[in-house]
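Residue-level structure breakdown
Chain residues, written in single-letter form:
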Amino acid sequence: MKGPGDEIAHQGSASQRSRENPLLQALNGHVPVKVPVWMMRQAGRYLPEYRALREKAGDFLTLCYTPEFATEVTLQPIRRFGFDAAILFSDILVVPHALGCELRFEAGEGPRLSITGNLEDLGRLAGELDPAKVGKVYEAVARTRTELPEETALLGFCGAPFTVATYMIAGRGTDDQAPARLAMMRDPAFFEALIDRLVSSSSAYLIGQLKAGADAVQIFDSWAGVLAPEEFVRWSVGPIARIIHAVRAEIPDAKVIGFPKGATLEGLTALVDGAGVDAIGLDWTVDRRAVRGRLGARVALQGNLDPLRLIVGGKALDEGIDAILDDFRGAAHIFNLGHGIRPETPISHVEHMLERLRG
Ligand code: CP3
């Protein structure tokens, strides 16, 4: 049990972290004292210690819903590399799972969900997240916060409604998200109701993570890039804006990173104008100088090394790192990859990247 004194001590260290951690400095609108760095998917299969624990747990969802395991996996890349932020180990598909969808992770194949394809299917799902499931995630956040070095920031996350909807409608990952785009056009009432359900449940989910001790959260819109400009504003920016509004109604100073993968400069601008994000995550295809010129004074910029450069190493890696540092020097920049690290990435290349960034 926590006494009142513990609460004060906890708040004291959180505000100290928000002043001194370079990632949180960037999210607070400052140019950080040094370039903060973390990697999307930093806890995962490229690490032998992850593969060992994954084998012991037997199943990916057991890792996610066992707070001891989720905490351990979250800490693994911090112990090895000392990143400026840890990201909660979980998955964006925990939200549909906690609404009642069946979910399995097939080895080597990716996720399989029961299909939510019309209003009738949606009617069978729960209105709110199952506390028995998300409670384990919040427990993992709280536990991770107590075990993490004081100075390291802890990020929570969720999937953006559009990206999560693409998995719920198709029942699996697809190349072009055609099932979700077809549903959007054929059955707008269903599509809108599904997005609404995901807005309210994702808001509650992020509030739960922030209350459990996350310093900031990232919203992953991994498939936003398939949307036409007006669809992007409606189905990526709109739902993200409503989530941030709901989160800040409970936690006014909540810090949020939006990652709309595949977004154009116009799309990124719409997100900054419309959603109240504190940072935007950039994939490797963006024109960094154009993004900095347009948005760099308003939000922090996170990214954007091509994960393939980290696999290749050598000159390809060094040139990629140096170009990013040159283009973002003096900006509120958070170094990251342009998408998640791949399982085949050599650990020595990650070590080299950190030496080059910090050396
Ligand atoms: O970044 C981190 O280290 C935190 C953990 C995290 C995972 N998934 C762990 C994971 C995060 C933030 C995610 C987000 C996620 N999950 C996204 C959005 C980000 C992105 O990559 O675009 C998406 C689309 C998913 C859905 C998902 N989960 C897919 C498509 C897959 C299978 C593909 C794959 O890489 O195997 C997963 C499984 C998954 N999520 C793994 C991990 C470490 C691999 C599971 C395993 O151990 O076999």
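So, here's what we can say about the structure. This is a predicted model, so every value here is computed, not measured.

All chains considered together, the criterion is met by eight aromatic pairs. Measuring from centroid to centroid gives 5.7 Å for Tyr50 and Phe89, while their planes differ by 55 degrees, and the two rings are tilted. A residue pair is termed long-range when its members are at least 10 positions apart, and Tyr50 in helix α3 (residues 48-57) and Phe89 in the loop between β1 (85-87) and α6 (94-98) qualify at 39 residues. When sorted by exposure, Tyr50 lands in the same class as Phe89, which is buried. Judged by centre distance (5.7 Å) and plane angle (75 degrees), the ring pair of Phe60 and Phe89 falls under edge-to-face. In this pair, Phe60 is assigned in helix α4 (residues 60-65) and Phe89 in the loop between β1 and α6, connecting sequence segments 29 residues apart. The residues Phe60 and Phe89 share a single accessibility class, namely buried.

Attention now moves to the side chain of Thr269. Within the element layout of this structure, Thr269 appears in helix α13 (residues 265-275). The exposure class of Thr269 is buried, given its relative accessible area of 10%. When residues no more than four places from it in sequence are discounted, the contact partners of Thr269 are Arg294 and Leu295.

What tends to happen in soluble globular proteins is that the nonpolar side chains get buried as a cluster. By size, the foremost hydrophobic cluster in this structure holds 128 residues, and its most contacted members are Ile280 and Met353. Ignoring anything within four residues of it in the chain, the contact list for Ile280 reads Gly258, Leu268, Leu271, Val272, Val291, Leu295, Val299, Ala300, Leu301 and Gln302.

Moving on, we get to the site of the ligand. Of all residues adjacent to the ligand, which total 22 residues, the nearest are Arg45, Tyr50, Arg54, Ser222 and His339. Contact between the ligand and Arg41: an oxygen atom at 2.7 Å from a main-chain N or O atom of the residue. In this structure, an oxygen atom belonging to the ligand sits 3.2 Å away from a main-chain N or O atom of Gln42. Secondary structure elements with two or more residues in the shell around the ligand: α3 and β3 (110-113). Looking at the shell around the ligand residue by residue, the class counts come to 13 nonpolar, five polar and four charged.

Let us now look at the sheet that holds strand β9 (residues 333-337). Strand order across the open sheet formed by seven strands is β1-β4-β5-β6-β7-β8-β9, with parallel pairing between neighbours. Whereas interior strands pair on both sides, the edge strands pair on one side only; in this sheet they are β1 and β9. If you compare each strand with its neighbour and ignore which way they point, the axes differ by 25 degrees on average. Summarising the sheet, strand β5 (residues 216-221) and strand β6 (residues 256-260) pair through five bridges and their orientation is parallel. When the bridges of β6 are listed, Val217 appears paired with Val256.

On to the pattern of salt bridges. For the coordinates displayed, the defined rule picks out 26 salt bridges. For Asp278, the salt bridge is made with Arg248, and the minimal N-O distance between the two is 2.9 Å. With Asp278 in the loop between α13 and β7 (279-281) and Arg248 in helix α12 (residues 229-250), the pair connects residues that are 30 residues apart, well separated along the chain. Here Asp327 and Arg288 are joined by a salt bridge, their closest N and O atoms 2.9 Å apart. Of this pair, Asp327 sits in helix α16 (residues 314-328) while Arg288 sits in helix α14 (residues 288-295), and the two are 39 residues apart along the sequence.

Calculation notes
Positions within a chain are numbered from 1, following the residues in the order the chain's sequence is written. Side-chain atom pairs in this predicted model are given and counted only at pLDDT of 80 or more, local residue features only at pLDDT of at least 70, and totals for whole chains, interfaces and linings cover all residues. Processing note: side-chain calculations cover all non-hydrogen atoms of the structure and skip hydrogens and water entirely. Between rings of Phe, Tyr and Trp, where Trp is taken as its six-membered ring, a pair exists when centres lie within 6.5 Å; planes separated by under 30 degrees are stacked, by over 60 edge-to-face, and by other angles tilted. Secondary structure elements follow DSSP: runs of H or I of four or more residues count as helices, runs of E of two or more count as strands, with numbering from the N terminus. Using a 1.4 Å probe on the protein chains alone, a residue whose accessible area is under 20% of its type maximum counts as buried, one over 50% counts as exposed, and one in between counts as partly exposed. Residues are treated as being in contact if the distance between any of their heavy atoms lies within 4.5 Å. As used in this record, nonpolar core signifies buried Ala, Val, Leu, Ile, Met, Phe, Trp, Tyr and Cys residues forming a set joined through side-chain atoms within 4.5 Å. Whether a residue is near a molecule or strand depends on its heavy atoms: it is near if one of them lies within 4 Å of it. Residues adjacent in sequence count toward polar contacts only when both atoms are side-chain atoms; beyond that, a polar contact is any pair of N or O atoms within 3.5 Å, and within protein one must be able to donate a hydrogen and the other to accept it. Charged means Asp, Glu, Lys or Arg here, nonpolar means Ala, Val, Leu, Ile, Met, Phe, Trp, Tyr, Cys or Pro, and polar covers whatever is left, Gly included. Any two strands between which DSSP finds at least two bridges are classified as paired. Axes here refer to lines fitted to C-alpha atoms; in helices the fit is confined to the stretch in contact. Angles between the N-to-C directions go from 0 to 180 degrees. Basic side-chain nitrogens of Lys or Arg form a salt bridge, by our definition, when they fall within 4 Å of a carboxyl oxygen of Asp or Glu.

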